[in-house]
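Report on the structure
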Amino acid sequence: MKEKLERVIKEMLKKVGIKNPAKVTIERPADSSHGDYSTNVALTYCKDFSLSPHDLALKLASELERHKPEEVEKIEIAGPGFINFFLSKQFLADSVKEILKQKNSFGQNKTLSKEGVMVEYTDPNPFKEFHIGHLMSNTIGESISRLLEWNGAKVRRANYQGDVGIHVAKALWGKLKDPASSWGQTYAQGAKQYDENETAKKEIAELNKKIYARSDTEINKLYDQGKSESLKQFEKMYTRLGTRFDFFFFESSTGEFGKGIVQENTPGIFEKSDGAVVFKGEPYGLHTRVFLNSDGLPTYETKELGLAEIKYEKYAYTKSIVITGNEVNDYFKVLLKVLELISPDLASKTLHISHGMLRLPEGKMSSRTGNVITAESLIDEVREKVKEKVSDRDLTDGEKEIISEQVAVGAIKYSILKQASGKDIIFDFDKSLSFEGDSGPYLQYAHTRAKSILVKAREEGIKEDARKGNPGSLERLLVHFSEVVEHAGKEHEPHYVVTYLTELAGAFNSFYAKEKIVDSKDLASAYKVALTSAVAAVLKNGLTLLGIPAPDKM
């Protein structure tokens, strides 16, 4: 509908003298009394006619009235020159029918059908903990991947993991000293000694060389064991979060590949400095980064450079999206500049999306000191609090376990996705677990409520019938879901879906409070049940896009 209005408005602008009306903005008004759609074209183009915005709006509205789409019931002028469109009740009723027809696929489109996108996210390093920073990246990356898929793109999910490097040497050094400790603990111990003990630092540096060269049988055995254990633990977490990956890339493979690229471009793009090979970023307004250290080993930057080439070999993408924490923003600017100089085509296809930190009220974590908040411990803690909330519900013990897990995951993901990606988040347990208001459980409960109404309707023999109804504010919200999906996919911002779903859940709860939906004596009940079914479908689809489970019971 939005696209149709854009086409009609552009045609009207051409008729009144605008040769190339490129700027046509149509939005949904915050206040539904101002219509279903609104445009500010009169304010945009009034100078071209030497007219006030209001007078131009009147002129355009007069033309639009004669050529308006049949789905539009009326057009009004508001404020200084906004043109507001009100959809017809017939179109709103037909939209409910369309939702019921499409159900699980409603909201999908083919806008990005020509796009092949690789989304890289999560990126936990073996030998270290899967912490809440990885949880942030995973939640955002998975939701963006789903949004792109719903917009028609062919998406491949990638996970890039640091299985070599000084952090691995620190973990192995700690394990050699204390075999009984976990890998997370031995890494923290190795990191501490590396900073404080010169002898330990030298031992760890030598160990790092052996790991790269695979020159020591015992070290290789310990390394392989640790890597295997880490990856198995990560897989368990991916299952809990509802994530699957198409590609797993490792620094042990990208390092040598990237090293070759650096050597081919030295001197030139890179230069030698104090035994290392660096990129001087200052001429580009950036900073200098080391790409090969003084031992000739590839740094993280070089491995990432190799990764860009390897990714494209695996999947000839039209776009590569990389999701990381915002603490590496400056580093990524250097990397993208280097990539631009070496492979401009790949650089133009690469988009870096950064996110803020996820914090608990007690403060920041650090894997270096062992003060790590793992994703597993956070989910478990939230799940236990949910179990307390559902302890008195009429559910089996098995149902309580499943629901507690689903609600815990939903609460955490909602907290991460409810705002734009770049901002820090403090996870508030009470607000995040509230069944009323701005939370994941609130959305899940609205879906559960709708599903329970449908069960009751079936029990009373009331069938869905979207043909006879008197559409109102709830239907006016439902018709915008597809546009929200498209906009969120285009902007790579799941929070647009969160905002929409929260508004829809609120409207449905108001509808539920005012109306008796299931009433075998009420002829309108069949339509109310159909409307409830449409709400349930849209809520489930929206939750799916966010990677949040949609339980039928709570």
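Residues numbered from 1 in each chain as written. Predicted model: local features only at pLDDT ≥ 70, side-chain atom pairs only at ≥ 80, totals over all residues. Heavy atoms only, no water.

**Some thoughts on the pattern of salt bridges**
Opposite charge on two side chains permits them to pair, given that their charged atoms come into close proximity. Filter applied, for reference: The rule for a salt bridge is simple: a side-chain nitrogen of Lys or Arg has to be within 4 Å of a carboxyl oxygen of Asp or Glu. A run of DSSP states H or I qualifies as a helix once it reaches four residues; a run of E qualifies as a strand once it reaches two. Both are numbered from the N-terminal end. Three labels apply to residues, based on accessible area from a 1.4 Å probe with only protein chains included: buried if under 20% of the type maximum, exposed if over 50%, partly exposed otherwise in between.
Inspection of the entire model under this criterion finds 38 salt bridges. Residue Lys14 pairs with Glu11 through a salt bridge whose shortest N-O separation is 3.8 Å. Pair noted here: Lys14 and Glu11 are both in helix α1 (residues 2–15), with a separation of three residues, about one helical turn. The salt bridge partner of Asp224 is Arg214, with a shortest N-O separation of 3.1 Å. Taken together, the positions of Asp224 in helix α9 (residues 217–241) and Arg214 in the loop between α8 (198–213) and α9 put the pair ten residues apart, joining distant regions of the chain. Exposure remark for Arg214: the relative accessible area of 40% places this residue in the partly exposed category. Through salt bridges with shared partners, a single network forms among Arg240, Asp380, Arg383, Glu384, Lys387, Glu401 and Glu405.

**So, the packing of aromatic side chains**
Basically, it comes down to this: Each Phe, Tyr or Trp ring (for Trp, its six-membered ring) is paired with any other whose centre lies within 6.5 Å, and the angle between the two planes then decides the class: stacked below 30 degrees, edge-to-face above 60, tilted in between.
Using the criterion set out here, one finds 20 aromatic pairs in the structure. Considering the side-chain rings of Phe270 and Phe291, the 4.9 Å spacing of their centres and the 55° angle between planes classify their relative orientation as tilted. Separated by 21 residues along the polypeptide, Phe270 in the loop between α10 (251–264) and β8 (271–273) and Phe291 in strand β10 (residues 289–292) bring together distant segments of the chain. Judged by relative accessible area, which is 1%, Phe270 ranks as buried.

**Here we look at unusual backbone geometry**
Look at the link from Thr266 to Pro267: it is a cis peptide, with omega at -5°. Along the chain, the position of Pro267 falls in the loop between α10 and β8. At Ser50, a residue that is not glycine, the phi angle is positive and equals roughly 55°. Within the secondary structure, Ser50 sits in the loop between α2 (41–49) and α3 (53–67). By relative accessible area, Ser50 is classed as exposed at 71%.

**As for the nonpolar core**
The test is simple: By nonpolar core we mean a set of buried residues, namely Ala, Val, Leu, Ile, Met, Phe, Trp, Tyr and Cys, connected to one another through side-chain atoms within 4.5 Å. Residue contacts are defined here by distance: any two heavy atoms, one from each residue, within 4.5 Å place the two residues in contact.
Counting 91 residues, the largest nonpolar core has Leu378, Val382, Ile416, Leu478 and Tyr500 as its most contacted members. Among the elements that line this core, the one with the most residues is helix α21 (residues 525–546), at 13 residues. Ignoring sequence-local partners within four residues, the contact set of Leu478 consists of Ile99, Phe106, Tyr500, Leu504, Leu531, Ala534, Val535 and Val538. Formed by 28 residues, the second largest nonpolar core is a distinct cluster that contains Met12, Leu13, Val41 and Leu56.

**Remarks on the environment of Leu147**
Counting through the fold element by element, Leu147 comes out in helix α5 (residues 132–150). The class of Leu147 is buried, set by a relative accessible area of 1%. Expressed as a C-alpha distance, the spacing of Leu147 and Ser434, which sit 287 residues apart in the sequence, is 26 Å. For Leu147, the residues in contact, after removing those within four places along its chain, are Val485, Ala488, Gly489, Glu493, Pro494, Val497 and Leu545.

**Here we look at the environment of Ile403**
Mapped onto the fold, Ile403 is located in helix α15 (residues 397–417). When the C-alpha positions of Ile403 and Ser354 are compared, they lie 31 Å apart, and in sequence the two are 49 residues distant.

**Topic: the sheet that holds strand β6 (residues 154–161)**
What counts, and what does not: Any two strands are treated as partners once DSSP identifies two or more bridges connecting them. For every element, the axis is a line fit to its C-alpha atoms; helices are fit only across the contacting stretch, and the angle between N-to-C directions ranges from 0 to 180 degrees.
With parallel pairing, five strands are arranged side by side in an open sheet as β7-β6-β5-β11-β12. Single-partner strands in this sheet number two, and they are β7 (247–250) and β12 (350–355). Taken over all neighbouring pairs, the strand axes of this sheet differ in orientation by 25° on average, direction set aside. Pairing geometry for strand β5 (residues 116–120) and strand β11 (residues 319–325), over four bridges, is parallel. Among the inter-strand pairings, Glu120 is bridged to a residue of β11, identified as Val322.

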